[in-house]
Amino acid sequence: MTRVLVTGLGAITPIGNDVPTYWNNLLAGVSGAGYITAVEASDLPVRIACEVKGFDAQQYLDHKTVRRTARAIHMAVAAAKQAVSDAGLDLNREDGERVGVNMNTGGGGIIEMEDGCYTVYNRGPRSIGPFLVPNIMSNAVSCMISIELGARGPVMTSTAACASGNYALVEAYHVIQRGEADVIIAGGAESAMSRLVMSAFAKMGPLSTRNDDPQHACRPFDKERDGFVVGEGAAALILESEEHARARGARVYAEVLGGRVTADAFHITAPEPSGDGATRAIQFALQSTGVRPEQIDLIYAHGTGTILNDAVETQAIKRALGEHAYSVPVTATKSMIGHTMGAAGAMSAVGAALSLSLDVIPPTINYRVPDPECDLDYVPNQVRYQRSNYALVNAFGFGGMNVVAVMKRVNGL
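All values derive from a computational prediction rather than experimental measurement.

Q: What is the right way to read the pattern of salt bridges from this model?
A: Should their charged atoms come close, side chains of opposite charge can pair. Within this structure, the stated rule accounts for 20 salt bridges. The partner of arginine 98 in a salt bridge is aspartate 182, with the nearest N and O atoms 3.0 Å apart. With arginine 98 in the loop between α3 (71-87) and β4 (99-104) and aspartate 182 in the loop between α7 (164-177) and β6 (183-190), this residue pair connects regions lying 84 residues apart in the sequence.

What follows is the structure, encoded as structure tokens:
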């Protein structure tokens, strides 16, 4: 079986619009939360979010394309182009049929759908633009990357709610394993800063209501956590077969060993209380990759900051890893970037690749009050310098979707 390597990274995030800025701010514990500026929010029950700031889509797309496409597409293309550049890939010299894209999303062009509904009801059907449908279709994020970069291999988009970005890695891994492509641009993108989405999430109940203190609102695994903070952004990883990477002398961040997907089959939004689905995802991911529980020395947690998710994830980690769980650092980047939903797993995977290659683990910020139900090592508030060889990347989504990817340190090719 061919090895699948990570050779390039790209990211547009609430704490940085490129990977070096994102990474440095993760290590520094910088919060990307603040008051919502994308829409009028003064009357919303939750008025805080982790928005992407200072992003200029015209650095990556021409003016006409920017006008015709959705914000999620802008960020997806930007992250993909960054990752391709970081990998040192010249796609003009590659066989486009051997280059694929798997950029996943949770909501796709949901902002554009809301705007379109407002327009048709207030200004009539003649006011709807011709690009609404391609903006709201979920696969537009992958297809626009394909169009911009000339990737003519397998181009896919899967939606697995908040596990979508992680699922992209698992799907891309299998495509390369099957020999269907040499290179896959894999990741996730999401932009859902709208009055409709914020109102719906607030009504559902999973959001933090700390409107007076946005930067300390998201508190994964802390006893006083009260919900997640909505985020947006995109992240992309270049996954490449070992043979292809060797042939061009590529730099390697990490190896993707594979992963597994399970379902809770329990509830459309709440996690199964025992953590059975998440536990099985971790156990099956380890079994399928041949990694023993005691070999895991780093976990990038889903860690949303909701009361149920954090307790269930902690329980799942302990059930899957046994006593070894207490020796494993568990970091929750959502404490800084918020919950970027369809992009969340990909943003975690970018962090995991860097942790494995650079021997450093970002902290979980805003951790103040220990919770007896969350009793693992969450790397509280301070960066940690530690060599890690095997990492789990957890992502769990509405509908009971559980996706766990396994990554490994690479000591040169």
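Now that the structure has been shown, the text picks up again.
Q: Can you help me understand helix α6 (residues 140-149) in this one?
A: Every α-helix carries 3.6 residues per turn, so stepping three or four residues along brings you back to the same face. Among the 10 residues of α6, 7 are classified as buried, and the element is accordingly described as predominantly covered. The complete set of buried residues in α6 reads Ala140, Val141, Ser142, Met144, Ile145, Ser146 and Leu149. A positive phi of about 75 degrees marks glycine 150, the residue just after α6.

Q: When you look at the nonpolar core in this model, what are you seeing that I'm missing?
A: In globular proteins that are soluble, nonpolar side chains generally tend to be buried together. In terms of nonpolar packing, the biggest core is built from 51 residues, with Val6, Leu9, Tyr22, Leu237, Leu239 and Met407 touching the most fellow members. Element by element, the count of residues in this core is highest for helix α13 (residues 344-358), at 8 residues. Ignoring any residue separated from it by four or fewer positions in sequence, one finds methionine 407 in contact with Val6, Ala254, Glu255, Val256, Ala349, Ala352, Ala353, Leu356, Asn389, Tyr390, Ala391 and Val393.

Q: Explain helix α10 (residues 276-289) to me, please; I cannot follow it from the model alone.
A: An ideal rise of 1.5 Å per residue puts 20 Å on 14 residues; α10 measures up with 20 Å between its terminal C-alpha atoms. All buried positions along α10 are accounted for by Gly277, Ala278, Thr279, Ala281, Ile282, Ala285, Leu286 and Thr289. For α10, the secondary structure elements touched by its buried residues are β8 (254-263), α11 (307-321), β13 (390-397) and β14 (401-408). Positioned one or two residues after α10, glycine 290 has a phi angle of 75 degrees, which is positive.

Q: What is the right way to read the side chain of threonine 306 from this model?
A: Note that threonine 306 resides in the loop between β9 (298-300) and α11. Given a relative accessible area of 13%, threonine 306 falls into the buried group. Here threonine 306 is in contact with Pro206, Arg225, Gly227 and Phe228, once residues within four sequence places are set aside.

Q: Looking at this structure, how should I read the sheet that holds strand β5 (residues 155-156)?
A: For sheets, the rule is that strands pair by backbone hydrogen bonds, running either parallel or antiparallel. Read across the open sheet, the 10 strands follow the order β5-β4-β6-β7-β1-β8-β14-β13-β9-β10; overall the sheet is mixed. Every interior strand has two partners, whereas the edge strands, β5 and β10 (330-331), have only one. Sheet topology note: the β9/β13 ladder contains 3 bridges and is parallel. From the neighbouring strand, isoleucine 299 faces β13, where its bridge partner is leucine 392. Relative to the sheet, α6 contacts β4, β5 and β6, its axis offset from that of β4 by approximately 150 degrees.

Q: Just to check I follow, could you spell out the layout of surface pockets for this structure?
A: Over the atoms rolls a probe the size of a water molecule, and its path tells where empty space is left. Here the largest pocket is characterised by a volume of approximately 490 Å³. Lining the largest pocket are 32 residues; nearest its centre among them are Thr269, Pro271, Thr306, Asn309 and Phe398. At the level of secondary structure, the elements contributing two or more residues to the lining of the largest pocket comprise α8 (195-204), α11, β13 and β14. Examining the composition of the lining of the largest pocket, we find that 5 residues originate from one element, α11, more than from any other. For the lining of the largest pocket, the per-class residue count stands at 14 nonpolar, 14 polar and 4 charged. In this structure, the second largest pocket spans a volume of roughly 340 Å³. Around the second largest pocket, the lining comprises 14 residues; the ones closest to its centre are Glu112, Gly129, Phe131, Leu132 and Asn135.

Q: Before we go on, may I ask you to explain the packing of aromatic side chains in this structure?
A: Working definition: an aromatic ring pair is given by the centre-to-centre distance plus the angle between the planes. Evaluated as defined, the whole model comprises 5 aromatic pairs. A ring pair is formed by phenylalanine 55 and tyrosine 60, whose centres lie 6.2 Å apart and whose planes are at 25 degrees; its orientation type is stacked. As far as the burial class goes, phenylalanine 55 and tyrosine 60 line up, both buried. Taken together, a centroid distance of 5.9 Å and an interplanar angle of 45 degrees make the contact between tyrosine 367 and tyrosine 378 tilted.

The rules behind these values
Residues numbered from 1 in each chain as written. Predicted model: local features only at pLDDT ≥ 70, side-chain atom pairs only at ≥ 80, totals over all residues. Heavy atoms only, no water. Salt bridge = Lys/Arg side-chain N within 4 Å of Asp/Glu carboxyl O. Helix = DSSP H or I, 4+ residues; strand = E, 2+ residues; numbered from the N terminus. Buried < 20%, exposed > 50% of the residue type's maximum accessible area, 1.4 Å probe, protein only. Core = buried A, V, L, I, M, F, W, Y, C linked by side-chain atoms within 4.5 Å. Contact = heavy atoms within 4.5 Å. Expected span 1.5 Å × (residues − 1). Pairing = 2+ DSSP bridges. Axes fitted to C-alpha atoms, helices over the stretch in contact; angles between N-to-C directions. 1 Å grid on protein atoms, 1.4 Å probe; cavity = no way out; pocket = protein on both sides within 12 Å on 5 of 7 lines; lining within 4 Å. Points joined across faces, edges and corners; volume = space filled by probe spheres on them. Nonpolar A, V, L, I, M, F, W, Y, C, P; charged D, E, K, R; others polar. Phe/Tyr/Trp six-rings, centres within 6.5 Å; stacked < 30°, edge-to-face > 60°.

Shape descriptors only; they carry no functional weight alone.
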